[in-house]
Amino acid sequence: MATALQHGTWMDEEGFKRTCIREKKKRGDIHQPFYGTWVADFMLRQDAGRSMLGKYLSDKKISWWRRRRLGMAVAGNTPTASFLTKIGKMQSAGCRLCKIAREARGDSTDGLADETHGHINSAGCEGMATTVTVAHHSI
Ligand SMILES: [Zn+2]
C-alpha cells in the first residue's frame with residue numbers, strides 16, 4: 001500500500017496493475033494480497049475501491065441500514081465477538097456460529113477462529129459456509 005501511495009499508482013488502473021505485477025514477481029506468490037490485506041488491494045483499485053464505496057454510501061435509493069452496515073464493516077466496528085471482546089463487552093472472540101456448528105457435529109470447540117466481519121461472511125465460517133456458498137453462486 002505504501003508503495004502505491006508513494007508512486008501515486010492507486011489513482012491509475014494501469015499503474016496499479018504494473019505495481020501488482022512487479023510486487024507479484026518480487027514475492028513469487030500470487031495467493032497473497034499485494035498491499036497487506038485484500039481490503040487494501042480492493043481499496044486501491046480505480047473504480048473498484050473507494051469510488052465504488054462512496055457511490056454506494058451516498059446512494060439514497062439504498063436503505064440507510066444497508067449503508068450503515070457497510071459503514072460499520074469498513075470502520076471495523078461491526079458488533080462481532082472480536083469487536084465486542086476488544087471493547088470489553090465479551091470474554092471470548094471465538095466465532096459463536098462455528099461453535100454451534102461444531103457442537104451440533106459433536107466436535108471439539110477448541111481453537112475457534114475469531115468472529116470478525118470477514119470471517120462470518122466467508123465460507124471459512126463453519127456456521128455460515130453453506131449460506132455463503134449458496135449466495136456466492138446465486139442459487
Ligand atoms: Zn465462524
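From a predicted model like this one, the values you see are computed outputs, not experimental measurements.

## Quick notes on the overall build of the chain
In terms of helices and strands, the chain carries 9 helices and 0 strands. Secondary structure elements of the chain occur, N-terminal to C-terminal, as α-α-α-α-α-α-α-α-α. Counting the 139 residues in the chain, one finds 12% classified as buried.

## Some details on the nonpolar core
Counting residues in hydrophobic clusters, the biggest one holds 5 residues: Ala 81, Cys 95, Cys 98, Ile 120 and Cys 125. With residues up to four places along the chain from it excluded, the contact list for Ala 81 reads Met 90, Ser 92, Ala 93, Gly 94, Cys 95, Arg 96 and Glu 115.

## Observations concerning the environment of Asp 110
Secondary-structure assignment places Asp 110 in the loop between helix H7 (96-105) and helix H8 (117-120). Once the C-alpha coordinates of Asp 110 and Gly 94 are considered, the two residues, 16 residues apart in sequence, prove to be 9.2 Å apart.

## Examining the packing of helix H4 (residues 50-58) against helix H5 (residues 64-75)
For the pair H4 and H5, interaxial distance at closest approach is 9 Å and the crossing angle is 145 degrees. Here H4 runs over H5; the crossing is left-handed. For the pair H4 and H5, contact is made by Leu 53, Tyr 56 and Leu 57 and by Arg 67, Leu 70, Gly 71 and Val 74, respectively. Class assignment for the residues of the contact of H4 with H5 results in 5 nonpolar, 1 polar and 1 charged.

## Looking at the environment of Gly 118
Of note, Gly 118 is situated in helix H8. For Gly 118 and Gly 76, which are 42 residues apart along the polypeptide, the C-alpha to C-alpha distance reads 9.9 Å.

## Focus: the environment of Gly 127
Its place among the elements puts Gly 127 in the loop between H8 and helix H9 (129-136). Taking C-alpha positions, Gly 127 is 4.6 Å from Leu 97, a pair spaced 30 residues apart along the chain. Filtering out sequence-adjacent residues up to four positions away, Gly 127 remains in contact with Leu 97, Cys 98, Ile 100 and Ala 101.

About the thresholds
Residues numbered from 1 in each chain as written. Predicted model: local features only at pLDDT ≥ 70, side-chain atom pairs only at ≥ 80, totals over all residues. Helix = DSSP H or I, 4+ residues; strand = E, 2+ residues; numbered from the N terminus. Buried ≥ 20, exposed ≤ 12 C-beta atoms within 10 Å, placed from the backbone. Core = buried A, V, L, I, M, F, W, Y, C linked by C-beta atoms within 7 Å. Contact = placed C-beta atoms within 7 Å. Axes fitted to C-alpha atoms, helices over the stretch in contact; angles between N-to-C directions. Left-handed = near helix turned anticlockwise from the far one by under 90°. Nonpolar A, V, L, I, M, F, W, Y, C, P; charged D, E, K, R; others polar.

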